[in-house]
Amino acid sequence: SAYNAAIGGAHRVEVCSSLLEGGLTPSIGLVLQILQICVPRKIEVHVMIRPRCGDFLYTEQEMQVMLTDIEHIIAIKRKHANYAHHLKGIVSGFLDKNGDVHTTHLQRCLDKIRNTGLQFTFHRAIDMSNDIMRAL
């Protein structure tokens, strides 16, 4: 939990739901609750964007869901000035049918967060890639 991370001295948390399934996109309510815990303690918050468990090969419809979820995170950053400084990034990842990084999906997410102050972290999908060194 974010509270335990704060007590333990964490400097950054990654917010997700369904951790047992590898982490899925959290609800906006959960993101706001985590920010309420982390902001007073100066802990960076990064939000997982992953619409389902399983592989990291996403359909166009799933990609649209992910982009909409990112828009909601951007809206929190813009609407809640007191959270903006600590809401630091998006955590996600995409592979194509060959197990390579899906550069088109990645670019779409990077374009979405451009000029928002949000960082992008490519998550554990990289571990599932066909060639991790080429993916890097």
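Look up: the structure comes first, before these words.
Small disclaimer: the values here were computed from a predicted structure and weren't measured.

How each quantity is defined
Residues numbered from 1 in each chain as written. Predicted model: local features only at pLDDT ≥ 70, side-chain atom pairs only at ≥ 80, totals over all residues. Heavy atoms only, no water. Buried < 20%, exposed > 50% of the residue type's maximum accessible area, 1.4 Å probe, protein only. Helix = DSSP H or I, 4+ residues; strand = E, 2+ residues; numbered from the N terminus. Arc of directions from axis to C-beta. Contact = heavy atoms within 4.5 Å. Axes fitted to C-alpha atoms, helices over the stretch in contact; angles between N-to-C directions. Parallel < 35°, antiparallel > 145°, perpendicular 65-115°, else oblique. Left-handed = near helix turned anticlockwise from the far one by under 90°. Nonpolar A, V, L, I, M, F, W, Y, C, P; charged D, E, K, R; others polar. Core = buried A, V, L, I, M, F, W, Y, C linked by side-chain atoms within 4.5 Å. Pairing = 2+ DSSP bridges. Right-handed = clockwise from strand over helix to strand, strands pointing away.

Enquirer: Would you mind showing me how to read helix 5 (residues 103-113) here?
Expert: Owing to its 3.6 residues per turn, the α-helix aligns residues three or four sequence positions apart on the same side. Residues His105, Leu106, Cys109 and Ile113 constitute the buried set of helix 5. Each buried residue of helix 5 lies within a common arc of 100° when the element is viewed along its axis, so the set occupies one face. Where the residues of helix 5 are buried, they touch helix 3 (60-79), strand 3 (87-92) and strand 4 (119-122).

Enquirer: How do you make sense of unusual backbone geometry when you look at a structure like this?
Expert: Only a minority of non-glycine residues have a phi that is not negative, and only a minority of peptide bonds are not trans. Backbone geometry places Ser18, a non-glycine residue, at a positive phi of 50°. Here Ser18 falls in the partly exposed class, since its relative accessible area comes to 34%. Residues other than glycine seldom take positive phi values, yet Asn115 does so here, at roughly 65°. By the secondary structure assignment, Asn115 is in the loop between helix 5 and strand 4. The exposure class assigned to Asn115 is exposed, which follows from its relative accessible area of 76%.

Enquirer: What should I look at first to understand the packing of helix 3 against helix 5 in this one?
Expert: How two helices pack is summed up by the angle between their axes together with the distance between the axes. Their axes nearest at 10 Å, the elements helix 3 and helix 5 cross at an angle of 20°. In terms of their interaxial angle, helix 3 and helix 5 are classed as roughly parallel. When you trace helix 3 past helix 5, the crossing you get is right-handed. Residues Glu60, Met63, Gln64, Leu67, Ile70, Glu71 and Ile74 of helix 3 form the contact with helix 5, whose participating residues are His105, Arg108, Cys109, Lys112 and Ile113. Here the contact of helix 3 with helix 5 is composed, by residue class, of 6 nonpolar, 2 polar and 4 charged.

Enquirer: I tried to follow the nonpolar core on my own but got confused; where do I start?
Expert: Nonpolar side chains in soluble globular proteins generally cluster together in the buried interior. Grouped together as the largest cluster of nonpolar side chains are 35 residues, with contacts concentrated most on Leu35, Val45, Ile73, Leu87, Ile90 and Phe94. Of all elements in the fold, only helix 1 (2-7), strand 1 (12-15), helix 2 (28-38), strand 2 (44-48), helix 3, strand 3 and helix 5 reach the threshold of two or more residues within this core. Per element, the largest residue contribution to this core is 7 residues, and it comes from helix 3. For Leu35, the contacting residues outside a window of four places in its chain are Pro40, Val45, Ile76, Tyr83 and Leu87.

Enquirer: Can you help me understand the pairing of strand 4 in this one?
Expert: Looking along a regular strand, one sees the side chains alternate between the two faces of the sheet. Two elements, strand 3 and strand 4, share 4 bridges in a ladder whose sense is parallel. The residue bridging Gly89 from the neighbouring strand is Gln119, located in strand 4. Handedness of the crossover is the feature at issue here: the chain leaves strand 3, passes through helix 5, returns alongside strand 4, and the resulting connection is right-handed.

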